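In case you want the letters, here they are:
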Amino acid sequence: MALEIFALVVMFVVAAVGIWLVVVVGSFPGKVARERQHPQADAINALAWVGLITLGLAWFVAIVWAYAKPIGSIQQMNDLQQRVEALEKAGDKSGQEPTQ
């Protein structure tokens, strides 16, 4: 009887560790992307979970994507933000209300 209880406890511990491991592995690419402030962090996280659930290549693609630096996108966003601000200031100087 004591051996059966011990085996049951061991089975529950193994199952709990297995579930914890799946959660850690599934959320790893999304966590890396958020730490690196990747602009597509949510998409990377979704791809990682889909890849983990389907046991496919998508999880590995998500890891590579999380570590890849987007080429020029952050600089382009900053440039566009500066242009918008300049246009808003020019609109304010001319007395016109900026359109929304």
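So, here's what we can say about the structure. Every residue gets a number counted from 1 within its own chain, in the order that chain's sequence is written. Since the coordinates come from a predicted model, pLDDT governs what is reported: local features require at least 70, and pairs of side-chain atoms require 80 or more to be given and counted, while whole-chain, interface and lining totals use all residues. Side-chain figures throughout are based on the complete set of non-hydrogen atoms in the structure, without hydrogens or water.

Under the scheme used here, helices are H or I runs from DSSP no shorter than 4 residues and strands are E runs no shorter than 2 residues, and both carry numbers assigned from the N terminus. Along its length, the protein carries four helices and zero strands. Structurally, the protein occupies a C-alpha span of about 90 × 25 × 20 Å along its principal axes. Working definition: with a 1.4 Å probe on protein chains only, accessible area under 20% of the residue-type maximum means buried, over 50% means exposed, and in between means partly exposed. Expressed as a percentage of the 100 residues in the protein, the buried residues total 18%. Of all intrachain contacts in the protein linking residues separated by at least 6 positions in sequence, the fraction that spans at least 24 positions is 46%. Charge counting follows a simple rule: Lys and Arg are positive, Asp and Glu are negative, and His as well as the terminal groups are ignored. To locate a charge, take atom NZ for lysine, CZ for arginine, CG for aspartate or CD for glutamate. Of the charged side chains in the protein, 7 are positive and 8 negative, and the gap between their average positions amounts to 9 Å. By definition, residues are in contact when any of their heavy atoms lie within 4.5 Å.

Take a nonpolar patch on the surface next. Nonpolar side chains (Val, Leu, Ile, Met, Phe, Trp, Tyr) are joined into patches within 5 Å and like charges within 9 Å, using only residues with over 30% relative accessible area and no salt bridge. All accessibility values rest on the Shrake-Rupley procedure with a 1.4 Å probe; residue burial counts only the protein chains present in the view. When a carboxyl oxygen of Asp or Glu lies within 4 Å of a side-chain nitrogen of Lys or Arg, that pair is called a salt bridge. Side chains of Met1, Ile5, Val9, Val13, Val17, Trp20, Leu21 and Val24 sit close together on the surface and give an oily, nonpolar patch of about 810 Å² of accessible area. Here Val9 lies in helix 1 (residues 2–35).

With that settled, the discussion passes to unusual backbone geometry. Positive phi, close to 55°, is recorded for Gln37, a residue that is not glycine. Summarising the element assignment, Gln37 is placed in the loop between helix 1 and helix 2 (41–53).

What follows covers the nonpolar core. Definition of nonpolar core: a set of buried residues of the types Ala, Val, Leu, Ile, Met, Phe, Trp, Tyr and Cys, connected through side-chain atoms within 4.5 Å. Judged by nonpolar contacts, Val32, Ala33, Ala41, Ile44, Ala48, Trp59, Ala62, Ile63 and Ala66 together constitute the single largest core of nine residues. The set of elements that each furnish at least two residues to this core consists of helix 1, helix 2 and helix 3 (58–67). The element best represented in this core is helix 3, accounting for four residues. Ala48 has contacts with Gly26, Pro29, Trp59 and Ala62, leaving out every residue within four places of it along the chain.

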